[in-house]
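One-letter residues, chain by chain:
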Amino acid sequence: MDEAVEDMDANNDGKILIQEYLDHLFSVTDETEREDPNWKPTHEGHFNDYLDKNNDGNLDREELKEWLIPSYNKHEAEAYRLITTADEDKDGDLSVQEIAQHFDHFYSLLPPEFWHQFQPGQQETKHDEL
Ligand SMILES: [Ca+2]
Ligand SMILES: [Ca+2]
Ligand SMILES: [Ca+2]
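Colleague: In this structure, what is going on with the overall build of the protein chain? I would like to understand it.
Modeller: Scanning the protein chain for helices and strands turns up nine helices and two strands. Each helix and strand of the protein chain, placed in order from N terminus to C terminus, yields the pattern α-β-α-α-α-β-α-α-α-α-α. Burial analysis of the protein chain (130 residues in total) assigns 5% to the buried set. Within the protein chain, residue pairs in contact and separated by at least 24 positions form 37% of the contacts whose partners lie at least 6 positions apart.

Colleague: Any chance you could explain unusual backbone geometry here in plain terms?
Modeller: It is generally the case that most residues other than glycine have a negative phi and that most peptide bonds are trans. Positioned with a positive phi, N55 is a non-glycine residue whose angle comes to about 50°. Phi at K90 takes a positive value of approximately 50°, unusual for a residue other than glycine. By secondary structure assignment, the location of K90 is in the loop between α6 (72-86) and α7 (96-101). Taking the C-beta count within 10 Å as the criterion, K90 has 7 such neighbours and is therefore assigned exposed.

Colleague: Would you mind going over the environment of Y21 with me for this structure?
Modeller: Within the secondary structure, Y21 is located in helix α2 (residues 18-28). Measuring from C-alpha to C-alpha, the distance between Y21 and A10 comes to 9.4 Å, with eleven residues separating the pair along the chain. The residues touching Y21, leaving out its near neighbours within four places in the chain, are M8, I16 and F47.

Colleague: Teacher, can you tell me more about the confidence of the model for the protein chain here?
Modeller: Residue-level pLDDT values for the protein chain average 83, and 85% of them are 70 or greater. Mean pLDDT across the secondary structure elements of the protein chain bottoms out at α6, with 75, and peaks at strand β1 (residues 16-17), with 95.

Colleague: Explain the nonpolar core here, please?
Modeller: Side chains of a nonpolar character, in soluble globular proteins, are inclined to be buried together. Core analysis: the largest hydrophobic core is formed by six residues, namely M8, I16, Y21, F47, L59 and L64. Excluding residues that lie within four positions of it along the chain, I16 makes contacts with V5, M8, D9, Y21, N58, L59 and L64.

Colleague: What is the right way to read the environment of V5 from this model?
Modeller: On the secondary structure map, V5 appears in helix α1 (residues 3-8). Residue class for V5 comes out partly exposed when judged on the 18 C-beta atoms lying within 10 Å of it. Separated by 16 residues in the primary sequence, V5 and Y21 have C-alpha atoms spaced 9.2 Å apart.

Colleague: Help me out: how do you make sense of the packing of α2 against helix α4 (residues 39-51) in this one?
Modeller: Taken N-terminus to C-terminus, the directions of α2 and α4 make an angle of 135°; their axes are 11 Å apart at the nearest point. Between α2 and α4, the crossing angle belongs to the class labelled oblique. In the packing of α2 onto α4, the handedness of the crossing is right-handed. Residues I18, Y21, L22 and L25 of α2 form the contact with α4, whose own contacting residues are K40, H43, E44 and F47.

Colleague: Help me understand the environment of E113, please; the structure alone is not making it clear to me.
Modeller: The topology assignment puts E113 in helix α9 (residues 112-116). Taking the C-alpha atoms as reference points, E113 and E33, 80 residues apart in sequence, are found 8.6 Å from one another.

Definitions and limits used
- Residues numbered from 1 in each chain as written.
- Chains lettered and ligands numbered in written order.
- Predicted model: local features only at pLDDT ≥ 70, side-chain atom pairs only at ≥ 80, totals over all residues.
- Helix = DSSP H or I, 4+ residues; strand = E, 2+ residues; numbered from the N terminus.
- Buried ≥ 20, exposed ≤ 12 C-beta atoms within 10 Å, placed from the backbone.
- Contact = placed C-beta atoms within 7 Å.
- pLDDT = per-residue confidence, 0-100.
- Core = buried A, V, L, I, M, F, W, Y, C linked by C-beta atoms within 7 Å.
- Axes fitted to C-alpha atoms, helices over the stretch in contact; angles between N-to-C directions.
- Parallel < 35°, antiparallel > 145°, perpendicular 65-115°, else oblique.
- Left-handed = near helix turned anticlockwise from the far one by under 90°.

Okay, here's the thing in structure tokens:
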């Protein structure tokens, strides 16, 4: 299996436990990001929602295969869904404002630094006069 997986698989059982996944990510994350209180929930959420298909708390061979050999169609479909959901003015493009308005869809996809500029929840939704 892939070297990245071998690195993560601390107890060499061929599966990646959520703890092994988080430990590995933590080891490659720089210090400023580690202090972000959203760091752990974001990555735990990603693990549970996207990687661990059968929700048993670890990634087996099949799940690892899907993760490491991503199906492009699946990703395109997901991107398309996100764009159509969030594209308020239907110009086929997502502006930063549109992304911010659909905070909940994009939260787990974008790094915490991206969100620092908005302070979600406190942002007023303004419509510019034409
Ligand atoms: Ca393991
Ligand atoms: Ca699993
Ligand atoms: Ca748009």
